[in-house]
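Chain residues, written in single-letter form:
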Amino acid sequence: MNWRKICFIGLLNVLTAFSAMATVDTVNTYSGLRLYSGVSDSIFVNHPRYHGVFYKDSCATENFGTILRSTAMLGICWRRIANNFSPRFWEIGGASPDNSVGIVVEEIDAINSAAMAAFQAGGDTIEIDSMYEIDRPVSLITHNTYLGVGDSVGFVRKNSPKTVLTAPTQIGDDSIRVQSNFGFRNRNKINIANDQAYDSIAGFVSYNIYLSNNLGNDSVVYISGRKIQKAMDVGDSVGLFFVMMRPRFSQLDSVYIKNLIFDGNRSSYTLNYDWRVATTIMLTSTNEALIEDCRFYETPAENIFLCGASFKNCHGQGLNGSILHFSCQPNKYITNVLYNNFKNVNEVPDAIMSHSEAAFTFSAKVRNLRVAYNYIEGIGEHGLGRFSNDDYNNEITDNLLNTDKDEVNFLAFYTSPDSNIVYNNKNLNKADTSVGPCIIKAPEPRGVFPCVGNSSLQIPLGLGDRFTISIDSL
């Protein structure tokens, strides 16, 4: 008996609880289910990545997340059997399975609801089938895969909602009065500045409490987080910031992000120079997470906060800040950054970004990191940031980091050089500034420099002697 027969017998056992299901037809895609016009009341969708049993029902009752409307039969919906989640087909309009999301009214609500329902089912694939405009973060949840199913699919930030102050504020204030509350949502961040081209002098604040709903009147935004740091005048602007993909829970396990485009829409976020508030993806303290074959464009701040994940075969251009910022709590997980290709990064200098000194930057217990075989062209600042005293067991090797700086590194030497091996990284825009092929020569415990020829043999080689050569280079 082959596996198809075994699966079909198991399926029939499930269907015995449903008396209306006398026969089950099979289609291969959701599109096929929409176009089905046969007589069966039950359809099995059989696909390599998704499957599920649907039964014929009316469309009179909304049951968000379980219904697929027929295009072949008027007034007919195909309803998924309870607890058969793989993967979701989501239609707009209805209640979310996660109470914190609320009523589903837009695409981002549907995606976040799908992610939560997938999590509740043990993890599943959320398929992204178009380029969605988003005005709040996509929820990253453990064991879920976020998969782009085409060549031009992913997320782009909507134009930043903006309003203006209608009353002055003082240093230390915990609220602001604005002209309109349109566009502000929970768990996002707001910024205050003199105009749209001004830096974030008032700092960033989390808004998660209350906005007045009295239309036509001033709205009060109560601030939780940092207080106002500079007195502001009537007419100063307020903008909305958010991370495009952010964890719903503090720990993430086995999250996969594949084949997605991320457009940061930086031309509409000119206030977002604060490196903490406009990140594309925040993926920290994870286990076996993967970002692969993704593209990143026009990022207004640091691109990704990464720890304990692999970042492979991605490319992009037009980043105000760093490609990756590594900020980790102590963990045993391996972080790999391999075979990526970016250009025109760090285009806003450190004086404005206040943190973006390199294409790859580090802070707070960065460990077990390997950065290798990456090609970065057009770096506005250094190639590599500085290691701190609590960073160790990191290896950065064989990268082409083309910058106008004289050296690739921001700071080459640190307290534990034997724990962080940095070598054979090249800057093709500049002649090497030191002897040998290495831009950065982090010392080894015995005092020899990587890339400097040396031998541990006590006796020189003679004619006919055999030896092994190991090559680790671009």
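Okay, so let's go over this structure. (Residues numbered from 1 in each chain as written. Predicted model: local features only at pLDDT ≥ 70, side-chain atom pairs only at ≥ 80, totals over all residues. Heavy atoms only, no water.)

## Observations regarding the overall build of the protein
Stage number 1. Within the protein, the secondary structure is distributed over 4 helices and 39 strands.
Stage number 2. Residues counted as buried form 50% of the 474 residues belonging to the protein.
Stage number 3. For the protein, restricting intrachain contacts to residue pairs at least 6 apart in sequence, the fraction spanning at least 24 positions comes to 65%. (Helix = DSSP H or I, 4+ residues; strand = E, 2+ residues; numbered from the N terminus. Buried < 20%, exposed > 50% of the residue type's maximum accessible area, 1.4 Å probe, protein only. Contact = heavy atoms within 4.5 Å.)

## Brief notes about the sheet that holds strand β12 (residues 154–157)
Stage number 1. Taking strand neighbours across the sheet as the criterion, the 8 strands line up as β9-β12-β22-β26-β29-β32-β35-β38 in an open arrangement whose pairing is parallel. Among the strands making up the open sheet, the edge pair consists of β9 (131–134) and β38 (400–403). Each strand axis lies, on average, 10 degrees off the axis of its neighbour in the sheet, ignoring direction.
Stage number 2. Alignment of strand β22 (residues 261–263) against strand β26 (residues 295–299), held across 3 bridges, turns out to be parallel. (Pairing = 2+ DSSP bridges. Axes fitted to C-alpha atoms, helices over the stretch in contact; angles between N-to-C directions.)

## Re the pattern of salt bridges
Stage number 1. Across all of its chains, the model carries 5 salt bridges by this definition.
Stage number 2. Across the pair D135 and R136 runs a salt bridge, and its minimum N-O distance is 2.8 Å.
Stage number 3. In this structure R136 comes out as buried when scored by relative accessible area, which is 11%.
Stage number 4. In this structure, the salt-bridge partner of R266 is E347, at a minimum N-O distance of 2.9 Å. Here the residue R266 occupies a position in the loop between β22 and β23 (281–283), and E347 occupies one in the loop between β32 (341–345) and α4 (350–353), the gap between them amounting to 81 residues. (Salt bridge = Lys/Arg side-chain N within 4 Å of Asp/Glu carboxyl O.)

## Observations concerning the pairing of β32
Stage number 1. Two strands pair when backbone bridges link them, and strand β29 (residues 315–319) and β32 are joined in this way by 3 bridges, in the parallel orientation. Bridging from a neighbouring strand, Q317 pairs with K343 of β32.

## A word on the side chain of D236
Stage number 1. You can see D236 is positioned in the loop between β17 (219–222) and β18 (237–241).
Stage number 2. On the basis of relative accessible area, D236 is assigned to the buried category, the value being 8%.
Stage number 3. Looking at D236, its side chain comes within polar contact range of the main-chain nitrogen of D233, at 2.8 Å. (Polar contact = N/O pair within 3.5 Å; in protein donor to acceptor, adjacent residues only side chain to side chain.)

## Some words on the packing of aromatic side chains
Stage number 1. A full pass over the atoms with the stated rule returns 9 aromatic pairs.
Stage number 2. Taken together, a centroid distance of 5.6 Å and an interplanar angle of 10 degrees make the contact between Y339 and Y373 stacked. With Y339 in the loop between β31 (335–338) and β32 and Y373 in the loop between β34 (369–372) and β35 (375–379), this residue pair connects regions lying 34 residues apart in the sequence.
Stage number 3. Members of the aromatic cluster, joined through ring pairs, are F155, F262, F296, F311 and F342.
Stage number 4. When the ring centre of F242 is taken as origin, the NZ or CZ atom of R157, which lies over that ring, is 5.5 Å away.
Stage number 5. The ring centre of Y269 lies 5.9 Å from the NZ or CZ of R157, which sits over that ring. (Phe/Tyr/Trp six-rings, centres within 6.5 Å; stacked < 30°, edge-to-face > 60°. Lys NZ or Arg CZ within 6 Å of the ring centre and 35° of its normal.)

## Let's talk about the sheet that holds β34
Stage number 1. Spatially, 9 strands are ordered β8-β11-β21-β25-β28-β31-β34-β37-β39 in an open sheet, and the strand pairing comes out parallel. Across the chains shown, the open sheet's two edge strands, defined by having one partner strand only, are β8 (125–128) and β39 (420–423). Each adjacent strand pair in this sheet contributes to an overall mean axis angle of 5 degrees, direction not counted.
Stage number 2. Running at roughly 160 degrees to β8, helix α3 (residues 107–120) makes contact with β8 and β11 (145–148) of the sheet.

## Here's the deal with α3
Stage number 1. End to end, α3 covers 20 Å across 14 residues, agreeing with the expected 20 Å (1.5 Å per residue, within 8%).
Stage number 2. With 11 of 14 residues buried, α3 lies mostly within the body of the structure.
Stage number 3. All of the buried residues along α3 are I108, D109, A110, I111, N112, S113, A114, A115, M116, A117 and A118.
Stage number 4. Directly after α3, the chain includes G122, whose backbone phi takes a positive value near 100 degrees. (Expected span 1.5 Å × (residues − 1).)

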